[in-house]
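# Observations on chain architecture
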Amino acid sequence: MSHVLAAVAWPYANGPRHIGHVSGFGVPSDVFSRYMRMAGHDVLMVSGTDEHGTPIQVQADAEGITPREAVDKYNRMIVEDLHGLGLAYDLFTRTTTRNHYAVVQELFTALFDNGYVIAKTTQAAISPSTGRGLPDRYIEGTCPICGYTSARGDQCDNCGNQLDPIDLINPKSKINGETPEFVDSEHYFLDLSAFAEALGAWLDTREGWRPNVLRFSKNLVADLRPRAITRDLDWGVPIPKEGWDTKRFYVWFDAVIGYLSASIEWARRSGDPEAWRRWWQSEDGRSYYFMGKDNIVFHSLIWPAILLGYDGKGDKGGKPGELGELGLPTEVVSSEYLTMEGRKFSSSRRVVIYVRDFLARYDADALRYYIAVAGPETTDTDFTWAEFLRRNNDELVAGWGNLVNRTISMAAKNFGAVPMAGDLTAEDTALLETVRGGFTTVGNLLENHKQKAAINEAMRIVGEANKYLSDQSPWKIKAEEDRPRLATILHTALQAITDCNTLLTPFLPHAAQKIHTLLGGEGVHAPMPEIVEVSDLDGGPGYPVLTGDYTVGAKWEPRELRAGTPLSAPTPVFKKLDPSIVDEELARLEG
Ligand SMILES: [Zn+2]
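Chains are numbered independently. Their residues run from 1 in the order of the written sequence. The predicted nature of this model means local features are confined to residues of pLDDT at least 70 and side-chain atom pairs, given and counted, to a pLDDT of 80 or more, with totals for whole chains, interfaces and linings taken over all residues. Derived side-chain values reflect all non-hydrogen atoms in the structure, with water molecules and hydrogen atoms excluded from consideration.

A separate point is the side chain of Ser 47. Strands are runs of DSSP state E lasting at least two residues, helices are runs of H or I lasting at least four, and both sets are numbered from the N terminus onward. Within the fold, Ser 47 resides in strand β2 (residues 42-49). Exposure remark for Ser 47: the relative accessible area of 0% places this residue in the buried category. Polar contacts here mean pairs of N or O atoms no more than 3.5 Å apart (in protein, one a potential hydrogen donor and the other a potential acceptor; neighbouring residues in sequence count only if both atoms are side-chain atoms). At a separation of 2.8 Å, a polar atom in the side chain of Ser 47 contacts the main-chain carbonyl oxygen of Val 8. Residues count as neighbours in contact if any of their non-hydrogen atoms are within 4.5 Å of one another. Sequence-distant contacts of Ser 47, that is, excluding residues within four places in its chain, are made with Val 8, Ala 9, Trp 10, Pro 11, Tyr 89, Leu 91, Phe 92, Thr 93 and Ala 262. Each residue is placed in one exposure class: buried if its accessible area under a 1.4 Å probe, protein chains only, is under 20% of its type's maximum, exposed if it is over 50%, and partly exposed if it falls in between.

Have a look at this one:
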């Protein structure tokens, strides 16, 4: 047993999230956390909405509302969507809480006191027509390093290097196309170069990471240079220094600190304000960060640099801040991109399906299954409606759902209960051993973030159970003297289904709960998150959080089915989809 922190990327609250977003961070982190809890670990899964920065301001302007009104609206929408997907966060909060502000300011203060923050006067971009500050990511131009013509002011998506907008060749505003003007402005910078050695040494000790994540991170260490952590902006976390009240922390700086502030908020709400330390400061603490590949650098280099600076472990030394020494990530689990019908997701071009629209028409587990079996775990993958239909109908409905329904219905019809098994044949024993073996094979794959292989293995075992049932053909057994054999076959099949259901629970929690009930089980099998309206702990406005009691539910182990448990005729677990949905959805996509 260990303390496992599942630190999940923070969805940005400038609009509803689409299925590409949740396939990268949301569903994989939930599958992992559910498995780890079932396997007996003490999991803390935290995240929240990322609510500061210029894109929020741009969105609010477009809607004629304040940034605060915009984030209130999208925070609530995102909370509802993640709830609908059954993502079992211990706490899903937001970055506009007073607790978050205080933690961000504490980390900044320690970094400052340890000498890792430097003030520099730089050339800040402004829009000549409005006089407003123009953030880096709203400036586009040619990358001075690789020549990519659509590099952003903060980062080149082609070569992965961090950039300064002033270095871009032929910079243009993405908001209105004008050439930005650069004026002098004083800003704080995090001196990332002071961590190059410590980060390099730390990355050398990392084991089991996806090779591309480790390679990418190591390649960037040598190029680390000071990075601005403040902006000329009024929507953000205030800087605790005199004379800095017209500026705010840059949104990336406050957002990564959210993993820590959310852990602290969870502890404060749990009644033991020090409880977060078990995940951040204990020997058996492990932390896994889940995100899409565009965010690797923030989790594998910049956040570890902030933590090293807070601990006083960069080139300039120092001592840990008031919270005490904080642990670095155990592993950065990055996924690749999901595309839609061969194209990049794009809200503006309507190549998109939002989570809430998806959930209005289909079950959460149908999407969770698709993401697990065909999502962008280690390579970019494409979501197509035809493939979604096929996976749902051929695999979920015909493969798994049918096995459950026909077995329970045969047992209910013939015995009205789980029948008693007689002597087992070699075939019966072989099936039960295969299923029991799944707890080791599927479990190991899940623990090592190989979810695609894990669900394929679980579904292969389901296939064995289907094969067993066709081989034994219990529906052909009619004679009264063969009734004991019929009972044994159905008992064996129901036992296999019970344990397959446990193997599939991290992936398909809603269906797993249903199947548990169909098998005569009582109580919670797969715990679900709930939306709770809370007040801010420090006097700010209230907000909805996602939280839940996940100490209940099935364990990751075989569970012996009790003969005599009453069974009744089952309702279908999964919905078979009509092939016409493909054309309907494609028509929506074209707009
Ligand atoms: Zn480049």
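Now that the structure is up, let's keep going.
The next thing to look at is the UniProt feature "short sequence motif: 'HIGH' region" (unreviewed entry) in the protein chain. Mapped onto this numbering, the UniProt entry gives "short sequence motif: 'HIGH' region" (unreviewed entry) at residues 11-21. A helix fraction of 27% and a strand fraction of 0% characterise residues 11-21, whose end C-alpha atoms lie 8 Å from each other. UniProt positions are given in the numbering used here, feature names are shortened, and annotations may be inferred rather than shown by experiment.

Now for helix α9 (residues 296-311). Taking 1.5 Å of rise per residue, 16 residues should cover 22 Å, and α9 covers 22 Å from first to last C-alpha, within 8% of that figure. Approximately 30° is the largest bend angle found in α9, and it occurs at Ile 302, with the proline Pro 304 only one to four residues beyond. For α9, the tally of buried residues reaches 16 of 16 residues, placing the bulk of the element in the interior. Once α9 ends, the next one or two residues include Gly 312, with phi positive near 75°. Expected helix span is given by 1.5 Å per residue-to-residue step, counting one fewer step than there are residues. One axis is fitted to the seven residues ending at the residue and one to the seven starting there. The bend at that residue is the angle between these axes.

On to the packing of aromatic side chains, then. Two aromatic rings are characterised by how far apart their centres lie and by the angle between their planes. Each pair of aromatic rings taken from Phe, Tyr and Trp, with Trp reduced to its six-membered ring, is defined by centres within 6.5 Å and is described as stacked if the planes are under 30 degrees apart, edge-to-face if over 60, and tilted in the remaining cases. Inspection of the entire model under this criterion finds 30 aromatic pairs. Taking 6.3 Å as the distance between ring centres and 50° as the angle between the ring planes, the aromatic pair formed by Tyr 250 and Trp 252 counts as tilted. Taking the relative accessible area as the measure of exposure, Tyr 250 reaches 10% and is therefore buried. Residue classification places Trp 252 among the buried residues on the basis of a relative accessible area of 9%. Here the aromatic residues Phe 108, Phe 112, Tyr 188, Trp 244, Phe 249, Tyr 250, Trp 252, Phe 253 and Phe 298 are joined through ring pairs into a cluster of three or more.

In this structure, Trp 280, Trp 303 and Trp 400 are the most contacted members of the largest nonpolar core, which totals 174 residues. The greatest single-element share of this core, amounting to 12 residues, is contributed by helix α12 (residues 385-415). Excluding its chain neighbours within four sequence positions, the residues that come into contact with Trp 400 are Glu 395, Met 459, Val 462, Ile 497, Cys 500, Asn 501, Leu 504, Leu 508, Ile 515 and Phe 574. Residues belong to a common nonpolar core when they are buried Ala, Val, Leu, Ile, Met, Phe, Trp, Tyr or Cys residues joined through side-chain atoms within 4.5 Å. Within the second largest apolar cluster, nine residues are counted, among which are Ala 125, Ile 139, Ala 151 and Leu 163.

With that settled, consider the packing of helix α2 (residues 54-63) against helix α3 (residues 67-84). How two helices pack is summed up by the angle between their axes together with the distance between the axes. Think of each axis as a best-fit line through the C-alpha atoms, taken over the contacting stretch in the case of a helix, with angles from 0 to 180 degrees between the N-to-C directions. α3 packs onto α2 with a crossing angle of 95° between their chain directions and a minimal axis gap of 8 Å. By the criterion of interaxial angle, the relationship of α2 to α3 is roughly perpendicular. Where α2 approaches α3, its residues Ile 56, Gln 57, Gln 59, Ala 60 and Glu 63 are matched on the opposing element by Pro 67, Ala 70, Val 71, Lys 73 and Tyr 74. Here the word oblique covers every angle except those under 35 degrees (roughly parallel), over 145 (roughly antiparallel) and from 65 to 115 (roughly perpendicular).

Moving on to the coordination of the zinc ion. Coordination of the zinc ion by the protein involves Cys 143 (SG), Cys 146 (SG), Cys 156 (SG) and Cys 159 (SG), with metal-donor separations of 2.3 Å. Atoms are scored as donors when they are N, O or S and lie within 2.8 Å of the metal, with 3.2 Å used for Na, K and Ca; no water is included, so coordination may look incomplete. Key to geometry: four donors with every angle between 85 and 135 degrees are tetrahedral; four donors are square planar and six octahedral where opposite donors lie over 155 degrees apart and all remaining angles lie between 65 and 115; all other sites are irregular. Relative to the metal, the four donor atoms surrounding the zinc ion lie at angles of 104 to 114°, and the coordination shape comes out tetrahedral. For Cys 156, a relative accessible area of 0% puts it in the buried group.

One non-glycine residue with positive phi stands out, namely Glu 341, at about 50°. Taking relative accessible area as the criterion, Glu 341 reaches 25% and is therefore assigned partly exposed. In this structure, Ser 473 is a non-glycine residue whose phi angle is positive, near 40°. The topology assignment puts Ser 473 in the loop between α14 (451-472) and α15 (483-504).

This next bit is on the packing of helix α6 (residues 211-221) against α9. At their nearest, the axes of α6 and α9 sit 10 Å apart, and the two run at 55° to each other. In terms of their interaxial angle, α6 and α9 are classed as oblique. In the crossing of α6 with α9, the sense of the turn from one axis to the other is right-handed. Contacts between α6 and α9 involve Val 213, Phe 216, Ser 217, Leu 220 and Val 221 from the first element and Ile 296, Val 297, Ser 300 and Leu 301 from the second. Among the residues making up the contact of α6 with α9, the classes are represented as seven nonpolar, two polar and no charged. Should the near helix be turned anticlockwise from the far one by less than a right angle, the crossing is left-handed, and should it be turned clockwise, the crossing is right-handed. We call Asp, Glu, Lys and Arg charged. Ala, Val, Leu, Ile, Met, Phe, Trp, Tyr, Cys and Pro are nonpolar, and the rest, Gly among them, are polar.

So, on to α3. Its 18 residues place the ends of α3 26 Å apart at the C-alpha level, agreeing with the 26 Å of an ideal helix rising 1.5 Å per residue. Gly 86 sits one or two residues past α3 and shows a positive phi near 75°.

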